[in-house]
Amino acid sequence: MRITRVRLGRLSAPLRVPFTTALRSVTSIEDVVVQVCTDTGAVGYGEAPPTGVITGDTTGAITGAITDHIAPVIMGRPMDDLNTLLTRVNASIVHNSSAKAAIDMALWDLYGQLHGIPVYQLLGGGRRTLTTDITISVNDPDQMAADTRNAIERGYTCLKTKVGKDAAMDVARLRAVRAQAGPDVTIRIDANQGWTPAQAVRILDAMQDEGLDIELVEQPVAAADLTGLKFVTDRSPVPVMADEAVFTPSDALAIMQQHAADLVNIKLMKCGGLSNALKIASFAEIYGVECMIGCMLEAKIAVNAAVHLACARSVITKVDLDGPVLCTHDPVHGGAVFDEQAITVSDAPGLGIAGVDDDVVFTDC
């Protein structure tokens, strides 16, 4: 099996409701889709969302990085030496983690197809099912209460609630969410860098004093402020998770060694794909740090790759893979089955993606 072509397309899927965080508001998923084609007819699929406010990757940057730098180093190469291919991808260009992630997952997809094995089994995994949370966007308390009610009616038992936009309102927002959710639903919150360290400690204290029972807080302070992150971790009544502060395996290692956070969120688009995500998971196993598997606003190709990783590593104990269920429809065929909060990985070889809707038009790099 030898790589003969790399093709790019654009996938669009409207969201059920706008996705609003402290950093942005989005109404649809608009992703770059990758096909890595081979002389055997096998096709590997990858995907990358333009999330400029977090990764710095725009649509043009993703397509340019793949066309000008990444595709040339894999073209014509055999698929039986996966490690060499992945090394070439990582060395082809600095940064551009989302573009690398899209090609990385497509190569893993092909390698699994080459050997007739699902990727999660290639990675040593045994579990086939996961349970994801669902995101409640940051809005006024009444709207967040309504969105919470809808999520509960859909059967969700864990909510990831966005905060960090107008800190003075955040306790009121969580009060409204908890009132609708009741005592048995797990609530985790994500500030998306929206607080100062002192604000974070004060707000988290207030939430716990009111009995709002927050499971964890994700990235309460600016990504570059590791001192501030550790300040919150050392003083917070709520466990602290690092997200935007963790791109590379070395980022994760530094946080674990300094105990700057209690948990780490692994996202393929931040770290550059499954290969670096595996390294982060290995560091977490060494340091005894639990991980969440998360996603950007991604359709099922990329989220499906994250599902395979989560099914393979027991250190990943928390799942935030709700991208496909936030959409009005699923434009991706095959792969994992998303039945609201229940996710079942595919046993098809590779990542199990069979294709995408016909309105996704592919062109050669």
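Structure's up top.
Residues numbered from 1 in each chain as written. Predicted model: local features only at pLDDT ≥ 70, side-chain atom pairs only at ≥ 80, totals over all residues. Heavy atoms only, no water.

**Considerations on the sheet that holds strand β17 (residues 363–364)**
Read across the open sheet, the four strands follow the order β3-β2-β1-β17; overall the sheet is antiparallel. At either end of the open sheet lies a strand with only one pairing partner, and these are β3 (43–48) and β17. Across six bridges, strand β2 (residues 25–38) lies against β3 in antiparallel orientation. For V32, the partnering residue across the bridge sits in β3 and is A48. Where helix α3 (residues 97–115) meets the sheet, it contacts β1 (3–20), β2 and β3, and its direction lies at approximately 155 degrees from that of β3. (Pairing = 2+ DSSP bridges. Helix = DSSP H or I, 4+ residues; strand = E, 2+ residues; numbered from the N terminus. Contact = heavy atoms within 4.5 Å. Axes fitted to C-alpha atoms, helices over the stretch in contact; angles between N-to-C directions.)

**Considerations on the pattern of salt bridges**
In the structure shown here, the tally under the stated rule is 18 salt bridges. In this structure, the salt-bridge partner of R7 is D364, at a minimum N-O distance of 3.3 Å. With R7 in strand β1 and D364 in strand β17, this pair connects stretches of sequence that are 357 residues apart. We note a salt bridge from R313 to E285, for which the minimum N-O separation is 3.3 Å. Within this pair, whereas R313 is found in the loop between α12 (300–312) and β12 (316–320), its partner E285 is found in helix α11 (residues 274–287), the two being separated by 28 residues in sequence. Among the ionic contacts, a cluster of salt bridges with common partners joins K160, K162, D190, E218 and D320. (Salt bridge = Lys/Arg side-chain N within 4 Å of Asp/Glu carboxyl O.)

**What about the side chain of N192?**
Mapped onto the secondary structure, N192 falls in the loop between β7 (186–190) and α7 (197–209). A distance of 3.0 Å separates the side chain of N192 from the side chain of E244, its partner in a polar contact. Once residues within four sequence positions are removed from consideration, N192 is found in contact with T21, A22, L23, K162, E218, Q219 and E244. (Polar contact = N/O pair within 3.5 Å; in protein donor to acceptor, adjacent residues only side chain to side chain.)

**Details of the packing of helix α6 (residues 170–181) against α7**
Two elements in contact, α6 and α7, have axes separated by 10 Å at closest approach and are oriented at 30 degrees. Here α6 is positioned roughly parallel relative to α7, judged by the angle of their axes. The handedness of the crossing between α6 and α7 is right-handed. On α7, the residues that touch D170, V171 and L174 of α6 are I203, A206 and M207. Counted by class, the contact of α6 with α7 contains five nonpolar, no polar and one charged residues. (Parallel < 35°, antiparallel > 145°, perpendicular 65-115°, else oblique. Left-handed = near helix turned anticlockwise from the far one by under 90°. Nonpolar A, V, L, I, M, F, W, Y, C, P; charged D, E, K, R; others polar.)

**A word on the environment of A299**
Locating A299 in the fold gives a position in the loop between β11 (291–294) and α12. For A299, a relative accessible area of 1% corresponds to the buried category. Along the primary structure A299 and V163 are separated by 136 residues, whereas in three dimensions their C-alpha atoms are 23 Å apart. In contact with A299, other than residues within four places in its own chain, are L11, I29, D31, E47, P324 and V332. (Buried < 20%, exposed > 50% of the residue type's maximum accessible area, 1.4 Å probe, protein only.)

**Regarding the sheet that holds strand β5 (residues 134–136)**
Read across the sheet, eight strands follow the order β5-β6-β7-β8-β9-β10-β11-β12 without closing on themselves; strand pairing throughout is parallel. Looking at which strands have only one partner, the edges of the open sheet turn out to be β5 and β12. Each adjacent strand pair in this sheet contributes to an overall mean axis angle of 30 degrees, direction not counted. One ladder, built from four bridges, connects strand β10 (residues 263–267) with β11; its direction is parallel. Along β11, the bridge assignment pairs I266 with I293.

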